[in-house]
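Survey of secondary and tertiary structure
Residues per chain are reported as follows:
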Amino acid sequence: MNRRLDLTARNFPSARDECEALTPHPNYDGPGSAYELAFKDEAFLLRDDMRPVRMQLELLKPELQLTEQGVHSTVVIFGSARIAPRDVAEQRLAVAEESRDPAAIRRARMQLDMSRYYEEARRLGQLITEGSAARGEPIVVVTGGGPGIMEAGNRGAFEAGGKSVGLNIVLPHEQRPNPYITPELCFRFHYFALRKMHFLMRSVALVCFPGGFGTLDELFETLTLIQTGKSRRRPVLLFGREFWSRLINFDLLLDTGMISPGDEQLFHYVETAEEAWAVLETEYELATTPTL
């Protein structure tokens, strides 16, 4: 017997070992039985009283997995799930034109115009993955895991040969993960609050493409945390000045004193993936030094 192994041997069986060794009891095992081990008892874990424990688990599981996978720095890409790739938008326009419905044609043309953001998000995912890998300091793309802009960000990282994270959320109309997320880094959340914490915990920058209520929620939570000093300052990039300046009147917020002078400098407008990557290169000195 190797006595050295005794120095590091477990003193107690693991939880998994304990579960595998269990023998069903004819009288006390069964649905609703108090005899079930607490951590195996699904009915117990799903009680309202256990919400604090479930929230802790939802914070801890991705944290452990991200650490084990070597994910330390991330760029989060937010944006609409409804923005389609250009080829899909072109197909939708063709169908709308066949219908000769003016409203449908107008919507399809707008979708085709917005599809440029899908291509920019895809390109940005590539630039982040390739550029940081060349520097030897991998930065991992994180998205909400769904379609549209989220898919584009994961897709760009996938096409560049890198990892990417998808933080999916359970919704009434089920959100399915897009196919470009690294399988070991594809998570599913019940609590929006815990999901948003994981968006921010490792992020070195946040990029917001055009989007709806969800994107606005994530953007303003980030700006609020930075503005109030609850989170460190980092680049927040808004893709598409025309879209964001029409959607949100930041000048009105300044003029009415709803935000302070300088708060409008918490974010930058960008128009292209290359411009966004250049901001990150400057902020973190990521530009590679040419070899002589």
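The rules behind these values
- Residues numbered from 1 in each chain as written.
- Predicted model: local features only at pLDDT ≥ 70, side-chain atom pairs only at ≥ 80, totals over all residues.
- Heavy atoms only, no water.
- Core = buried A, V, L, I, M, F, W, Y, C linked by side-chain atoms within 4.5 Å.
- Buried < 20%, exposed > 50% of the residue type's maximum accessible area, 1.4 Å probe, protein only.
- Helix = DSSP H or I, 4+ residues; strand = E, 2+ residues; numbered from the N terminus.
- Contact = heavy atoms within 4.5 Å.
- Right-handed = clockwise from strand over helix to strand, strands pointing away.
- Pairing = 2+ DSSP bridges.
- Salt bridge = Lys/Arg side-chain N within 4 Å of Asp/Glu carboxyl O.
- 1 Å grid on protein atoms, 1.4 Å probe; cavity = no way out; pocket = protein on both sides within 12 Å on 5 of 7 lines; lining within 4 Å.
- Points joined across faces, edges and corners; volume = space filled by probe spheres on them.
- Nonpolar A, V, L, I, M, F, W, Y, C, P; charged D, E, K, R; others polar.

Focus: the nonpolar core
Grouped together as the largest cluster of nonpolar side chains are 28 residues, with contacts concentrated most on V165, L167, F187, L219, V236 and L238. For this core, the elements supplying multiple residues, two or more each, are β1 (74-78), β2 (140-143), β3 (164-169), β4 (186-189), α8 (192-201), β5 (203-208), α9 (213-227) and β6 (236-239). Setting aside chain neighbours within four positions, we find L167 in contact with V142, T143, G144, G145, F187, F189, R195, H198 and F199. I149, A152, A157 and A273 belong to the second-largest nonpolar core, a separate cluster that totals 27 residues.

Concerning unusual backbone geometry
For R100, which is not glycine, the phi dihedral falls at a positive 60°. Turning to its location among the elements, R100 is positioned in the loop between α5 (86-99) and α6 (102-135).

Observations concerning the pairing of β3
Of all six residues that make up β3, six are buried, and the element is covered over most of its length. Traced from β2 through helix α7 (residues 149-159) to β3, the parallel crossover comes out right-handed. Relative to β4, β3 runs parallel, the two sharing four bridges. Bridging across to β4, I169 finds its partner in F189.

So, the pattern of salt bridges
Under the criterion given, the structure shown has eleven salt bridges. Residue R122 is joined to E159 by a salt bridge in which the shortest nitrogen-to-oxygen separation is 2.9 Å. Here R122, found in helix α6, pairs with E159, found in helix α7; they are 37 residues apart in sequence, far enough to count as distant. Judged by relative accessible area, which is 22%, R122 ranks as partly exposed. The class for E159 is partly exposed, based on a relative accessible area of 36%.

Concerning the layout of surface pockets
The calculated volume of the largest pocket comes to roughly 980 Å³. For the largest pocket, the lining is made up of 34 residues, of which S80, A81, R82, G211 and G212 are closest to its centre. When residues of the lining of the largest pocket are traced back to their parent elements, those giving at least two are β1, α6, α8 and α9. For the lining of the largest pocket, the leading source of residues is α9, giving six residues. Broken down by class, the residue content of the lining of the largest pocket amounts to 17 nonpolar, ten polar and seven charged.

Note that all results are geometric; they support no functional claim without further evidence.
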